[in-house]
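Take a look at the letters that make up each chain.
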Amino acid sequence: DLTAVRVVSHHDEDNYRRIEHRVPSAMADPAMALVGVLIGVYYGFKNKLDLPKPVWGNAFDSQYMLESLPTNYQESLQRYYGSYVEKTITKLMG
């Protein structure tokens, strides 16, 4: 899956949007999954990152050139350790 977080808007209501977090497994701690999303949002705001272009339709379409998410636990851990998210969670929990 290439889309971790989706912001869905309804065409009939411009002010109505919802966030979908689509990655955690059934074994994920919901609170920690939400913390990860919120830290990512905070990181984006803090570093004034540009939003990616909207994806319409199939996120797997090669025109979007999106980086793939980890496909297994080991790859997830490799990306997590040393990341901004890990450092922030460690700081918050420490």
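Quick look at the structure, then. The model shown is predicted, which means the values in this text are computed figures rather than measured ones.

1. Focus: a nonpolar patch on the surface
Reasoning step 1: On the surface, Val5, Val7 and Ile19 cluster together into a nonpolar patch covering about 290 Å² of accessible area.
Reasoning step 2: Mapped onto the fold, Ile19 is located in strand E2 (residues 13-21).
Reasoning step 3: Classification of Ile19 as exposed rests on a relative accessible area of 62%.

2. What to know about the packing of aromatic side chains
Reasoning step 1: Per the counting criterion, the structure on display carries two aromatic pairs.
Reasoning step 2: Plain terms: the ring middles of Tyr43 and Tyr84 are 4.5 Å apart, the flat faces sit at 55 degrees to each other, and that makes the pair tilted. Of this pair, Tyr43 sits in helix H1 (residues 30-46) while Tyr84 sits in helix H3 (residues 84-93), and the two are 41 residues apart along the sequence.
Reasoning step 3: Taking relative accessible area as the criterion, Tyr43 reaches 33% and is therefore assigned partly exposed.

3. Here we look at unusual backbone geometry
Reasoning step 1: In this model, Lys48 sits at a positive phi of 50 degrees, which is unusual for a non-glycine residue.
Reasoning step 2: Residue placement: Lys48 occurs in the loop between H1 and helix H2 (73-80).

4. A few points about the environment of Tyr16
Reasoning step 1: Position of Tyr16 among the secondary structure elements: in strand E2.
Reasoning step 2: Once residues within four sequence positions are removed from consideration, Tyr16 is found in contact with Val8, Ser9 and His10.

5. A short note on the packing of H1 against H3
Reasoning step 1: The interhelical angle for the contact between H1 and H3, taken along N-to-C directions, is 115 degrees, at an axis separation of 10 Å. The pairing of H1 with H3 is recorded here as roughly perpendicular in orientation. Between H1 and H3 lies a crossing whose hand is right-handed. Contacts between H1 and H3 involve Met32, Val35, Ile39, Tyr42, Tyr43 and Lys46 from the first element and Tyr84, Val85, Thr88, Ile89 and Leu92 from the second.
Reasoning step 2: Partitioned by chemical class, the residues of the contact of H1 with H3 number nine nonpolar, one polar and one charged.

Criteria and cut-off values
- Residues numbered from 1 in each chain as written.
- Predicted model: local features only at pLDDT ≥ 70, side-chain atom pairs only at ≥ 80, totals over all residues.
- Heavy atoms only, no water.
- Patch = residues over 30% accessible without salt bridge, like charges linked within 9 Å, V, L, I, M, F, W, Y side chains within 5 Å.
- Areas by Shrake-Rupley, 256 points an atom, 1.4 Å probe, with all protein chains shown as cover.
- Salt bridge = Lys/Arg side-chain N within 4 Å of Asp/Glu carboxyl O.
- Helix = DSSP H or I, 4+ residues; strand = E, 2+ residues; numbered from the N terminus.
- Buried < 20%, exposed > 50% of the residue type's maximum accessible area, 1.4 Å probe, protein only.
- Phe/Tyr/Trp six-rings, centres within 6.5 Å; stacked < 30°, edge-to-face > 60°.
- Contact = heavy atoms within 4.5 Å.
- Axes fitted to C-alpha atoms, helices over the stretch in contact; angles between N-to-C directions.
- Parallel < 35°, antiparallel > 145°, perpendicular 65-115°, else oblique.
- Left-handed = near helix turned anticlockwise from the far one by under 90°.
- Nonpolar A, V, L, I, M, F, W, Y, C, P; charged D, E, K, R; others polar.

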